[in-house]
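Listed here are the chains, written in short residue letters.
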Amino acid sequence: MLDIQNVFKTFNAGTVNEKVALKGLNLHLNEGDFVTVIGGNGAGKSTMLNCVAGVYPVEEGTISIGGVDVTGMPEHKRAQFIGRVFQDPMMGTAATMQIEENLALAARRGKSRFLRSGITKEEREVYREELKILGLGLEDRMTAKVGLLSGGQRQALTLLMATLQKPQLLLLDEHTAALDPKTAAKVLEVTQKIVEQDHLTTLMITHNMRDAIAYGNRLVMMYDGHVVVDVSGEEKKNLTVEQLLNLFSRASGSDEVNDKLLLA
Amino acid sequence: MASFLNALPGAVTQGLIWGIMAIGLFITYKLLDLSDLTVDGSFCTGGAVCVMMMAAGFNVWIALLAAVAAGMLAGLVTGFFHTKCGIPAILAGILTQLGLWSVNLAIMDMKANQPLNVNKYNVVLSIRYLEEVQYGLRPIWEHPALTVVLFTAVIIAILYWFFGTELGASIRATGANSKMARAQGINTNFNKVLGLAISNGLVALSGALLSQYQGFAEINMGRGAIVIGLASIIIGEVTFGKLFRNFGLRLLAVSLGAVIYYIVIQLVISLLEINTNYLKLISALIVAVFLAVPFWRKRYLPKKKKEGQHA
Ligand SMILES: Nc1ncnc2c1ncn2[C@@H]1O[C@H](COP(=O)(O)OP(=O)(O)OP(=O)(O)O)[C@@H](O)[C@H]1O
Ligand SMILES: [Mg+2]
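Residues numbered from 1 in each chain as written. Chains lettered and ligands numbered in written order. Predicted model: local features only at pLDDT ≥ 70, side-chain atom pairs only at ≥ 80, totals over all residues. Heavy atoms only, no water.

Draft legend 1. View of the overall build of chain B. Counting its regular elements, chain B contains twelve helices and two strands. Listing each helix as α and each strand as β along chain B from the N terminus yields α-α-α-α-β-α-α-α-α-α-β-α-α-α. In terms of C-alpha radius of gyration, chain B reaches 20 Å, essentially the compact-globule figure of 19 Å for 311 residues. If you line up chain B on its principal axes, its C-alpha atoms span 60 × 45 × 35 Å. In chain B, which comprises 311 residues, the share counted as buried stands at 52%. For chain B, the share of sequence-separated contacts (at least 6 apart) that also reach a separation of at least 24 residues comes to 75%. If you sum the accessible surface of chain B, you get close to 14,900 Å²; carbon and sulfur atoms cover 65% of it. (Helix = DSSP H or I, 4+ residues; strand = E, 2+ residues; numbered from the N terminus. Rg over C-alpha atoms; globule rule 2.2 N^0.38 Å. Buried < 20%, exposed > 50% of the residue type's maximum accessible area, 1.4 Å probe, protein only. Contact = heavy atoms within 4.5 Å. Areas by Shrake-Rupley, 256 points an atom, 1.4 Å probe, with all protein chains shown as cover.)

Draft legend 2. Up close: the sheet that holds strand S9 (residues 218–223) of chain A. All names here are of chain A. Spatially, six strands are ordered S6-S7-S8-S3-S9-S10 in an open sheet, and the strand pairing comes out mixed. The sheet is open, and its two edges are formed by strand S6 (82–85) and strand S10 (226–232), each paired on a single side. Pairwise comparison of adjacent strand axes, ignoring direction, gives a mean angle of 20 degrees for this sheet. Sheet analysis places S9 next to S10, joined by six bridges and oriented antiparallel. Residue pairing in the sheet places Tyr223 in a bridge with His226 of S10. Along the sheet, helix H1 (residues 45–53) contacts strand S3 (34–39), S6, strand S7 (169–173), strand S8 (202–205) and S9; its crossing angle with S7, the most-contacted strand, is approximately 145 degrees. (Pairing = 2+ DSSP bridges. Axes fitted to C-alpha atoms, helices over the stretch in contact; angles between N-to-C directions.)

Draft legend 3. A look at the sheet that holds strand S4 (residues 60–65) of chain A. Residue and element names in this part refer to chain A. In spatial order, the strands read S2-S1-S4-S5; together these four strands make up an open sheet with antiparallel pairing. Only two strands of the sheet have a single neighbouring strand rather than two, namely strand S2 (19–29) and strand S5 (68–69). Taken together, the five bridges between strand S1 (residues 2–11) and S4 define a ladder with antiparallel strand orientation. Along S4, the bridge assignment pairs Ile4 with Ile63.

Draft legend 4. Looking closely at the pattern of salt bridges. Enumeration according to the criterion identifies 17 salt bridges over all chains in this entry. With a closest N to O distance of 3.3 Å, Glu129 of chain A and Lys132 of chain A form a salt bridge. With Glu129 of chain A and Lys132 of chain A both in helix H4 (residues 121–134) and three residues apart, the pair spans about one turn of that helix. Classification of Lys132 of chain A by relative accessible area gives partly exposed; the value is 42%. A salt bridge links Glu132 of chain B to Arg138 of chain B; the shortest N-O distance between them is 2.6 Å. Given the relative accessible area of 23%, Arg138 of chain B is considered partly exposed. The network of salt bridges with common partners includes Arg108, Arg116 and Glu123 of chain A together with Glu166 of chain B. (Salt bridge = Lys/Arg side-chain N within 4 Å of Asp/Glu carboxyl O.)

Draft legend 5. View of the environment of Ser249 of chain A. With respect to the element layout, Ser249 of chain A can be found in helix H9 (residues 241–252). Considering only alpha carbons, one finds Ser249 of chain A and Val228 of chain A, 21 residues apart in sequence, at a separation of 10.0 Å.

Draft legend 6. Structural view of the packing of helix H7 (residues 166–176) of chain B against helix H9 (residues 188–214) of chain B. Residues and elements named next belong to chain B. The contact between H7 and H9 brings their axes to 9 Å, and the two run at 105 degrees. By the criterion of interaxial angle, the relationship of H7 to H9 is roughly perpendicular. Residue-level contacts link Leu167, Ser170, Ile171 and Thr174 of H7 to Thr188, Phe190, Asn191, Lys192, Leu194 and Gly195 of H9. Across the contact of H7 with H9, the residue classes tally to four nonpolar, five polar and one charged. (Parallel < 35°, antiparallel > 145°, perpendicular 65-115°, else oblique. Nonpolar A, V, L, I, M, F, W, Y, C, P; charged D, E, K, R; others polar.)

Right under this line is the structure:
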């Protein structure tokens, strides 16, 4: 489904701030994989997702989604394959537009936009039903501006927007990190529900190791711009946080990194 | 006071004409969150194209259409500088504006001023009609203010429809949150260029109407347009913001803002009998005051707590 091959990404190349964020990254996802991604700060997790989504071009390597080589494809074109939720709740929605307008924008992801009506009556009914699934009462506030919603409500809405038009690939970048524990749990629960229901191939970055173990069928750990641990199936299910930390120090060949990876 | 009342219809008409340019600016400034300085140039482009086309014997409606097209082209150039050359929007607009100065002169046959004889050509409005209506020489519905009201109404109706379409909504999304827009598959660069083109098309239309109204096009007619446009948007918002929430009404508020602006200017001129050379200074001060009002309000008036809004 997703194939990342030998990808290199450097920021500020040729300056004193040069930073090689991805160093020959390889990752292959099968259809229906729900992969959790962990790793210390600056390991390159967000960069990986951004390169897949087309936010940054890569210097080397190829990225393909569902057999289509998207390496040189601009971000807005790649969006036809990808649903995204960001860490910052402000990022995924248009604050000055209504809830239903945001959903209508998302429903047209990957389609051409012309002079047809921006939102139809039938659509509204569909959105009302979809919003009910979130269980936040948003179905009664569909014409409210998104800027009035709380961070958790906005993240849940963004998640719905990302999956309204079933994506081939769902990218979640610490999408619960900015929420309080209770809301975070709720959003994660909705995530699990939608991913299972639509059999979405998913990459979920998290700093919470318990979540990383509890969710998904596969766990990937990044260090210094590439994947250092990759466990799946029974092995992943039976992982403990302690084992995970041990795996990490072995893979990165040092103990000090333990601190870097401490629980969020 | 009598002189003010006499000048009032003219001030209102001027305000309405500039209101169309302000609505154009609203699209870039408010919807796309871009400061587009092209307008000072494209306003004159509209006037120049209209006058020259009519002098060449074209029908007034064709001349107006050509003016709009020329304005859109100017917006396109700014959009190209901004999205394809990576030049910041403000600078891109300044560059186009600068270049347009020469282009506008070239359109006007290298003359700084090109007259349009109202007797010879069939214009849609003229400052002369003001008096002719007043003295009963013309039916009231040919009053220039009414003509511009009609133009404004049609423009607002079209824009209201357009920004409700898929394409219009994607322009709004581009301005509201471009990162989100791209994630939803919207080509934000394309939308910025499109918005700039539509905006400058309206600005040029406004210039074309003004050139017919005053009976000439002139190389400096657009100077300070950006200030008048911003003033209209802000005055409209300060005055009607609480009442007018609907998109169509917000556009109407911009037009009314321009009218208020011109009435205030006229009031200052008539009452203080000021040398009109001070006009630009007065304009700048009026705009500064209206810009400061919302800021002062927030700062010095205690805020009422909003209720029923959970965090
Ligand atoms: N836009 C950018 N410009 C310059 N450097 C960047 C940029 N984005 C990321 N980097 C650098 O690339 C490296 C990888 O960053 P990235 O954001 O991918 O890390 P991460 O694994 O997501 O970390 P975190 O857990 O803190 O989110 C870091 O050293 C970071 O400073
Ligand atoms: Mg990150």
